[in-house]
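# Chains, contacts and geometry: an overview
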Amino acid sequence: MWPLFDAVLADQVSVIIPLLKLKSSMKVVFYCHFPDLLLAHHTSMLRRLYRWPIDAIEEITTGMADLILVNRKFTAATFARILGI
């Protein structure tokens, strides 16, 4: 059911990364256009409460990737700043 691959590419949604790593020892490459937590509005207390677990999960699971690919230097710098890498 889970064939062996050397690597797998995950695109845009990082929540799948820990699930892929749980099932095998394959490397996970994550391609992201821009961190979702910076695109979402955090303008009210309700939105901040709603977004807190989503943003935390995105940050944790993105950091679990073996390699993160982006399409611009600006996005690479933004990821480095957000994830502390």
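Each value, and the rule that gives it
Residues numbered from 1 in each chain as written. Predicted model: local features only at pLDDT ≥ 70, side-chain atom pairs only at ≥ 80, totals over all residues. Heavy atoms only, no water. Helix = DSSP H or I, 4+ residues; strand = E, 2+ residues; numbered from the N terminus. Buried < 20%, exposed > 50% of the residue type's maximum accessible area, 1.4 Å probe, protein only. pLDDT = per-residue confidence, 0-100. Pairing = 2+ DSSP bridges. Axes fitted to C-alpha atoms, helices over the stretch in contact; angles between N-to-C directions. Polar contact = N/O pair within 3.5 Å; in protein donor to acceptor, adjacent residues only side chain to side chain. Contact = heavy atoms within 4.5 Å.

As recorded in an unreviewed UniProt entry, the chain goes by the name Alpha-1,3/1,6-mannosyltransferase ALG2, listed as coming from Aristolochia fimbriata.

You can see Ser 24 is positioned in the loop between α1 (16–23) and β2 (27–31). The exposure class assigned to Ser 24 is partly exposed, which follows from its relative accessible area of 21%.

This part is about the confidence of the model for the chain. Per-residue confidence for the chain averages 82 on the pLDDT scale, and 87% of its residues sit at or above 70. Summarising per-element confidence for the chain, the mean pLDDT is lowest in helix α2 (residues 36–39) (66) and highest in β2 (91).

The next subject is the sheet that holds strand β1 (residues 7–11). The three strands are arranged β1-β2-β3 in an open sheet whose pairing can be described as parallel. Bordering the open sheet on either side are β1 and β3 (67–69), each of which pairs with just one other strand. Averaged over all pairs of adjacent strands, the angle between strand axes in this sheet comes to 25°, irrespective of strand direction. Here β2 runs beside β3; their pairing, made up of three bridges, is parallel. Bridge pairing in β3 links Tyr 31 to Leu 69.

Residue placement: Thr 61 occurs in helix α3 (residues 45–62). Among the polar contacts listed, one links the side chain of Thr 61 to the backbone oxygen of Glu 58, at a separation of 3.5 Å. For Thr 61, the residues in contact, after removing those within four places along its chain, are Ser 14, Val 15, Ile 17 and Pro 18.

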